[in-house]
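If you want the building blocks of each chain, they are given just below.
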Amino acid sequence: MDADKRRQLRDAFGAFMTGVTVVTSVDKHNKPIGFTANSFSSVSLDPALLLVSIDKRSANLDNFTQCSHFAINILSEQQKETSNIFAQRIDDRFALIDWRWSDAGVPLIDHSSAWFDCALHQVVDAGDHAILIGRVEQFESNATAGLGYYRGAYFTPYQNTESLITSPTVVVSALIEFDGQAVMVKQADGGYALPSCEVGERSVSETLDLLMNQLEIGANPGFVYSIYDDRLRHKQHIVFPVCLADRVRQHDARYAPRRMVQARPPGGNAD
């Protein structure tokens, strides 16, 4: 597969929303090690198994594939910086966070949404990655929202799966399909943009309802279409696809159909 196809495949994989974890263990000198990963999944309840994958280019590949135990730390919505620390090459990552030892002797990250202390059950060869299957020996889950990752950007669920909230500068937009085109709103400068509304102190779902009421076009929003950061303006955009219940009023000059263009949001991957 050439480089362009690899990039396209990576972008396609990024369309799947995941949580963010830090996988931890110790090296042969009993020094704590860890890496950020969103390639985590539960496997079985009986026996209790989970999995995570590690890149074969990782300097800690041997340590994780030959260890006796490792831990999965599901990061909470306040732990973006922890995710970034373990995704970079830093000499002593653990000096920058709060953590403790588990009963099995692996690092557990404080304030995580949940953690799983696992015995290494199996290592599966999988192309350019190795899959670590762990047998859960101890775990703990806290009543905190987990940190999410989607198309190269973080997002944080707010209390339930219907609302997403990040900062006062989060913007909700509606991608309204109409006859193969997208409905755009005329701007003050004469250009057009997706119908949008800043969240402010409202939840995302409340803001979306407000936006639909403002548009007055009888539309039904669906699930999240895209989440991306506008780093220049320090805003995060959450775009929802919307199905029209009625035809757009052709006489209303505020709206106009434009050709639909699917842009790739900026950002990288977490693992």
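What counts, and where the lines are drawn
- Residues numbered from 1 in each chain as written.
- Predicted model: local features only at pLDDT ≥ 70, side-chain atom pairs only at ≥ 80, totals over all residues.
- Heavy atoms only, no water.
- Helix = DSSP H or I, 4+ residues; strand = E, 2+ residues; numbered from the N terminus.
- Buried < 20%, exposed > 50% of the residue type's maximum accessible area, 1.4 Å probe, protein only.
- Contact = heavy atoms within 4.5 Å.
- Areas by Shrake-Rupley, 256 points an atom, 1.4 Å probe, with all protein chains shown as cover.
- Phe/Tyr/Trp six-rings, centres within 6.5 Å; stacked < 30°, edge-to-face > 60°.
- Expected span 1.5 Å × (residues − 1).
- Salt bridge = Lys/Arg side-chain N within 4 Å of Asp/Glu carboxyl O.
- pLDDT = per-residue confidence, 0-100.
- Patch = residues over 30% accessible without salt bridge, like charges linked within 9 Å, V, L, I, M, F, W, Y side chains within 5 Å.
- Pairing = 2+ DSSP bridges.
- Axes fitted to C-alpha atoms, helices over the stretch in contact; angles between N-to-C directions.
- Polar contact = N/O pair within 3.5 Å; in protein donor to acceptor, adjacent residues only side chain to side chain.
- Disulfide = S-S within 2.5 Å.

A. Up close: the overall build of the chain. When you go through the chain residue by residue, the secondary structure sums to four helices and 22 strands. A burial count over the chain gives 42% of its 271 residues as buried. The long-range fraction of contacts in the chain, counting pairs at least 24 apart against all pairs at least 6 apart in sequence, stands at 65%. Per element, the accessible surface of the chain, about 15,200 Å² overall, is 51% carbon and sulfur.

B. View of the packing of aromatic side chains. The tally for this structure, following the rule as stated, stands at seven aromatic pairs. A network of ring pairs unites the aromatic residues Phe86, Phe94, Trp99 and Trp101 as a single cluster.

C. Representation of helix 4 (residues 204-215) within the structure. With 12 residues, helix 4 extends 16 Å between its outermost C-alpha atoms, agreeing within 8% with the 16 Å of an ideal straight helix rising 1.5 Å per residue. One or two positions beyond helix 4, positive phi appears at Glu216, with a value near 55 degrees.

D. Representation of the pattern of salt bridges within the structure. Considering all chains together, one arrives at four salt bridges under this definition. For Arg57, the salt bridge is made with Asp55, and the minimal N-O distance between the two is 2.7 Å. Residue Glu137 pairs with Arg135 through a salt bridge whose shortest N-O separation is 3.7 Å.

E. Structural context of the confidence of the model for the chain. In this model, the chain carries a mean pLDDT of 81, and residues with pLDDT of at least 70 account for 82%. A low-confidence stretch, residues 158-168 stays under pLDDT 50, and its non-local contacts, those more than four residues away or across chains, total 22 contacts. Every residue in residues 246-255 is under pLDDT 50, and counting partners more than four places away or in other chains gives 24 contacts.

F. Spotlight on a nonpolar patch on the surface. There is a patch of nonpolar side chains on the surface, built from Met1, Leu9 and Phe13 and spanning about 370 Å² of accessible area. Along the chain, Met1 falls in the segment before helix 1 (3-13).

G. Region of the structure containing the sheet that holds strand 2 (residues 21-26). Strand order in the open sheet formed by seven strands is 3-2-6-9-10-5-4, with antiparallel pairing between adjacent strands. The open sheet is flanked by strand 3 (32-37) and strand 4 (40-45), the only strands paired with a single partner. Sheet twist, expressed as the mean angle between neighbouring strand axes with direction ignored, is 35 degrees. For strand 6 (residues 69-74) and strand 9 (residues 114-126), the ladder comprises six bridges, and the chain directions are antiparallel. Its bridge partner being in strand 9, Phe70 is matched across the sheet by Cys118. This element, helix 3 (residues 80-87), spans strand 2 and strand 3 of the sheet and lies at about 110 degrees to strand 3.

H. Quick look at the sheet that holds strand 1 (residues 18-19). Taken in spatial order, the three strands line up as 1-11-12 in an open sheet, and their pairing is antiparallel. The outermost strands of the open sheet, each flanked by one partner alone, are strand 1 and strand 12 (153-155). Direction of pairing for strand 11 (residues 148-150) relative to strand 12: antiparallel, over a ladder of three bridges. From the neighbouring strand, Tyr150 faces strand 12, where its bridge partner is Ala153.

I. Region of interest: the environment of Asn73. Here Asn73 is to be found in strand 6. Considering only alpha carbons, one finds Asn73 and Phe116, 43 residues apart in sequence, at a separation of 6.7 Å. Sequence-distant contacts of Asn73, defined by excluding residues within four places in its chain, comprise Val20, Thr21, Val22, Thr24, Pro107, Leu108, Ile109, Ser112, Ala114 and Trp115. Here Ile109 takes part through its backbone nitrogen, which lies 2.8 Å from a polar atom of the side chain of Asn73.

J. Seen up close, the pairing of strand 3. Among the six residues in strand 3, six count as buried, and that is most of the element. Here strand 3 shows a buried face lined by Pro32, Gly34 and Thr36 and a second buried face lined by Ile33, Phe35 and Ala37. The pairing of strand 2 with strand 3 spans six bridges and is antiparallel. The partner of Thr21 across the bridge, within strand 3, is Ala37. The hairpin formed by strand 2 and strand 3 contains five residues between the paired strands, and Asn30 there has a positive phi angle of roughly 65 degrees.

K. Highlighting the state of the cysteines. Scanning the entire structure with this criterion turns up zero disulfides. Cys118 supplies the cysteine sulfur nearest to Cys67, a cysteine that is in no disulfide, at a spacing of 9.8 Å.

L. Molecular detail of the environment of Asp103. Note that Asp103 resides in the loop between strand 7 (99-101) and strand 8 (107-109). Distance in space between the C-alpha atoms of Asp103 and Glu137 is 9.8 Å, their sequence separation being 34 residues. If sequence neighbours within four positions are ignored, Asp103 has contacts with Asp117 and Gln138. For Asp103, the side chain forms a polar contact with the side chain of Gln138, separated by 2.9 Å.

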